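# Results of the structural survey
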Amino acid sequence: MDVTDLNLWYGEKHALHGVSMKISEHRITALIGPSGCGKSTFLRSLNRMNDLVEGCKITGKVVYQDKNIYDPDVDVTGLRKRIGMVFQKANPFPMSIYDNIAYGPRIHGIKNKAKLDEIVEQSLKDAAIWDEVKDRLKSSALGMSGGQQQRLCIARALAVHPDILLMDESTSALDPISTGKIEELAVKLKENYTVIMVTHNMQQAVRISDDCAFFLLGDLIEFSSTDKMFSKPDDKRTEDYITGRFG
Amino acid sequence: MTDKKSAGRRAWNATMKALMIIGAVLTITILVFVIGYIFYRGIPHLTWQLVSGTTSYLNDTIGILPNMLNTLYFIVLTMLIALPLSIGAAVYLTEYAKKGAFENIIEFATETLTGIPSIIFGLVGMIVFMQAFGLKAGLLAGSLTLVMMITPIIVRTTQEALKTVPDSYREGALALGSGKWHMIRTVVLPNAIDGILTGCILAIGRITGESAALLFTAGMGLALNDFFTAMQSSSATLTVALYLYASENGEVDTAFAIAVVLMIITLLINFAAGRIGKRKNK
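The structure contained in this document is the topic of the report that follows. Because the structure is a prediction, the values reported are computed rather than measured.

## Digging into the packing of aromatic side chains
Tallied over the entire structure, the rule returns 10 aromatic pairs over all chains. Aromatic rings pair up to connect F33(B), Y37(B), Y40(B) and F256(B) into one cluster. Over the face of the ring belonging to F93(A) we find R156(A), whose NZ or CZ atom lies 4.3 Å from the ring centre. In this arrangement the basic side chain of K180(B) is found over the ring face of Y96(B), its NZ or CZ atom lying 5.0 Å from the centre.

What follows is the structure, given as structure tokens:
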């Protein structure tokens, strides 16, 4: 995925300033930076979730599979099928666990019961939650714990077989054990998916990401491999941030 | 703290408490008196002959079956027209329309319309549907008038219900590649259904209890009609019949019997609305 000179305005507010970045496949890319630096905004512009925000204007290019996703002829629903998203707060639909997972495949026309069963099972297994819920697929998803709900949301995103998974601070509302499970999961997922995640947690970025992008006030300050960024950052501001001098 | 001050405060407290108890007792007394009096006057005249028969001056019988049926017809036809109209409008306003001056004007207008005295709707209905469109007083003209009256109510309650559906559900559905209408149909509306149903029941209550708007447009016919003949023939609902019997025919006893029937229907409607409200809070 190749981002070139991406600018974004919320009304008068210029939230992203000419961001360019080349994101590699089958790696975990972490987006870090202080609150309000534009990292979530950037993430949400990768599957055009910012389209939902009124007064949001975007210039520049996000090229994915040789196609600018902001071209007028792009099918946004098809795009979002290939670039899935998991939100900061788990947002399972108030329906059964099974129906939550089957929601995406059903949108895309899968009606066959056996096929759906298979997708549901596989997605829940991929999200490492199958063993915990296999006996209560028909019960409401709202009865699960916060960590389980978040893994359910990951399973729901996987059920439509995306290529890329965007995770928007998906562990920030969870306890350490649930966070650990989701981190393990992200590492496992990169074999088959490309993962791009926003995180507030520097240790998390070090633990699991391969590449790292540091944002500050709407600018991309530095983008390199995580190892390099956390050992020899090029920019003074990056160093100040990751050593905790501000943020 | 001096004793004098605390004594004054105690006296003030006692006075306020007494005033509130008096207020509560008065309210309950009025309520009990009205309900009790209606039942006391009405029940002795609520005979099988009255609820299953028709009024005939030749046979000298009085029956309110036609009026009960008319009320039912009005509920059915009005809801049939108003429901898709108002839910469509509410979904448009909440989910599609850009937030701005236009939406504010519509919301202000619906709010104003819910507060307009119903007799004004009756007047407008008579001028528009009967004089301009040439409909006769009856089910069709009356229902169209009621549609104008209850659409704002259902629009308002549906909008409120839609707004209680968390945006995270919408985002979740869209992020899975759902189209907008599919998202509304599968995630938004099912989660707003209790609120919409409550609005419908309130609207049915309004229709059942409405008299002023129907005096102009429904007509005062007491004959037994089926749904389709009622469309264009004068059809008095229970409330209109109550007015007729009480004021024009001097049949006050029959009027009280009708009042009992209306009260029972209203109680049932409120009970149903309460049940749905409870289910929602669960």
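## Focus on the sheet that holds strand β4 (residues 56–64) of chain A
Within a beta sheet, neighbouring strands are joined by backbone hydrogen bonds and run either parallel or antiparallel to one another. Residues and elements named next belong to chain A. Strand order in the open sheet made by the four strands is β2-β1-β4-β5, with antiparallel pairing throughout. Lying at the two open borders of the sheet, with one neighbouring strand each, are β2 (13–22) and β5 (67–68). Note that β4 and β5 share two bridges and pair antiparallel. What sits directly across from Y64, in β5, is K67.

## A word on the interface of chain A and chain B
Across the boundary between the two partners, chain A contributes 24 residues, which contact 18 residues of chain B. Taken over both partners, the interface formed by chain A and chain B buries close to 1,600 Å², and the fraction arising from carbon and sulfur atoms is 65%. At the junction of chain A with chain B, the criterion picks out one salt bridge. E171(B) is the salt-bridge partner of R44(A), the closest N and O atoms lying 2.8 Å from each other. In this assembly, chain A and chain B are joined by four residue pairs in polar contact (both at pLDDT 80 or more). For the side of chain A that touches chain B, the elements supplying multiple residues, two or more each, are α2 (76–82), β6 (83–86), α3 (97–107) and α6 (146–158) of chain A.

## A short note on the side chain of R170(B)
Residue and element names in this part refer to chain B. Note on placement: R170 falls in helix α7 (residues 167–175). R170 gets classed as buried once you look at its relative accessible area, which sits at 10%. At 2.9 Å, the side chain of R170 forms a polar contact with the backbone oxygen of V165.

## So, the pattern of salt bridges
Residues and elements named next belong to chain A. Per the stated rule, a full pass over the model turns up 22 salt bridges over all chains. A salt bridge links D117 to K113; the nearest nitrogen and oxygen atoms lie 3.0 Å apart. With D117 and K113 both in helix α4 (residues 113–126) and four residues apart, the pair spans about one turn of that helix. A salt bridge links K125 to E121; the shortest N-O distance between them is 2.6 Å.

## A closer look at the environment of I116(B)
All names here are of chain B. Structurally, I116 is set in the loop between α4 (101–114) and α5 (118–132). For I116, a relative accessible area of 24% corresponds to the partly exposed category. Taking the C-alpha atoms as reference, I116 lies 13 Å from T151; in sequence the two are 35 residues apart.

## Description of helix α7 (residues 176–189) of chain A
All names here are of chain A. The end-to-end C-alpha separation of α7 is 20 Å, in line with the 20 Å expected for 14 residues at 1.5 Å each. Considered for burial, the residues of α7 that qualify are S178, T179, I182, E183, L185, A186 and L189. Projected onto a plane normal to the axis of α7, the buried residues spread over an arc of 160 degrees and lie on a single side. Facing away from the buried side of α7 by over 90 degrees, the exposed positions are P176, I177 and E184. Turning to α7, the residues buried within the fold contact β3 (28–32), α4, α6, β7 (164–168), β8 (194–198) and α8 (202–208). The opening residue of α7 is D175, an N-cap whose side-chain oxygen sits 3.0 Å from the backbone nitrogen of I177.

## A closer look at the pairing of strand β1 (residues 2–10) of chain A
Residue and element names in this part refer to chain A. Relative to β2, β1 is paired through six bridges, and the arrangement is antiparallel. Residue pairing for β2: V3 is matched across the bridge by M21. Linking β1 back to β2 in an antiparallel pair, the connection comprises two residues, with G11 at a positive phi of about 60 degrees. One ladder, built from seven bridges, connects β1 with β4; its direction is antiparallel. Across the sheet, T4 pairs through a bridge with K61, a residue of β4.

## Some words on the sheet that holds strand β9 (residues 211–216) of chain A
Residues and elements named next belong to chain A. Pairing is mixed in the open sheet, where six strands are placed in the order β6-β7-β8-β3-β9-β10. The strands lining the two open edges of the sheet, one partner per strand, are β6 and β10 (219–225). Averaged over neighbouring strand pairs, the angle between their axes works out to 15 degrees when direction is ignored. Strand direction decides the pairing type here: β7 and β8, joined by five bridges, are parallel. Directly across from I164, in β8, lies its bridge partner T194.

## Digging into the pairing of β7(A)
All names here are of chain A. A large share of β7 lies buried, amounting to five of its five residues. Neither face of β7 is open: one carries I164, L166 and D168, the other L165 and M167, and all of them are buried. Where β6 meets β7, four bridges bridge the pair, whose relative direction is parallel. By the bridge assignment for β7, V86 is matched with M167. Where the polypeptide runs from β7 across α7 and back to β8, its parallel neighbour, the crossover connection is right-handed.

## Digging into a nonpolar patch on the surface
All names here are of chain B. Residues I119, I120, L123, V124, I127, V128 and F133 make up a contiguous nonpolar surface patch of about 580 Å² in total accessible area. Examined against the element boundaries, L123 turns out to sit in helix α5. Judged by its relative accessible area of 43%, L123 is partly exposed.

## Examining unusual backbone geometry
Backbone geometry places D5(A), a non-glycine residue, at a positive phi of 50 degrees. If you trace the backbone, D5(A) turns up in strand β1. The partly exposed category is assigned to D5(A), whose relative accessible area is 42%. One non-glycine residue, D60(B), lies in the positive phi region at around 60 degrees. Along the chain, D60(B) turns up in the loop between α2 (48–52) and α3 (65–96). D60(B) sits in the exposed class, given a relative accessible area of 68%.

Cut-offs used in this document
- The residue numbers shown here count from 1 along each chain, following its written sequence.
- All chains are assigned letters beginning at A, and all ligands numbers beginning at 1, according to the order in which they are written.
- Two thresholds apply to this predicted model, a pLDDT of at least 70 for residue-level local features and 80 or more for giving and counting side-chain atom pairs, whereas whole-chain, interface and lining totals are computed over all residues.
- The basis for the side-chain values is all heavy atoms of the structure; hydrogens and waters are excluded.
- Each Phe, Tyr or Trp ring, with Trp reduced to its six-membered ring, pairs with another whose centre is within 6.5 Å; inter-plane angles below 30 degrees give stacked pairs, above 60 give edge-to-face pairs, and intermediate values give tilted ones.
- Geometrically, a charge over a ring is one whose NZ (Lys) or CZ (Arg) sits within 6 Å of the ring centre while staying within 35 degrees of the ring normal.
- Pairing between strands requires that DSSP locate at least two bridges from one strand to the other.
- By the criteria applied, helices consist of DSSP H or I runs no shorter than four residues and strands consist of E runs no shorter than two, each listed in order from the N terminus.
- Every residue pair with non-hydrogen atoms within 4.5 Å of one another is taken to be in contact.
- Buried area adds together the accessible area that both of two parts lose upon being put together, with accessible area traced by a 1.4 Å probe.
- By definition, a salt bridge exists where a carboxyl oxygen of Asp or Glu is found within 4 Å of a side-chain nitrogen of Lys or Arg.
- Nitrogen and oxygen atoms within 3.5 Å of one another constitute a polar contact, given that in protein one can donate a hydrogen and the other can accept it, and given that sequence-neighbouring residues count only through two side-chain atoms.
- Buried, partly exposed and exposed residues are distinguished by accessible area as a fraction of the type maximum, computed with a 1.4 Å probe on protein chains only: under 20%, between the cut-offs, and over 50%, respectively.
- The span one expects for a helix is its residue count, reduced by one, times 1.5 Å.
- Taking the helix axis as origin, the arc is that swept by the directions to the C-beta atoms.
- Every axis in this analysis is a line fitted to C-alpha atoms, fitted for helices over the stretch in contact. Angles between the N-to-C directions lie between 0 and 180 degrees.
- Consider the strands pointing away from the viewer: the crossover is right-handed when the path from the first strand over the helix to the second runs clockwise.
- Think of a patch as exposed residues, more than 30% relative accessible area, with no salt bridge, where like charges cluster within 9 Å and nonpolar side chains (Val, Leu, Ile, Met, Phe, Trp, Tyr) cluster within 5 Å.
- In these tables, accessible area is a Shrake-Rupley quantity obtained with a 1.4 Å probe, and a residue counts as shielded only by the protein chains included in the view.

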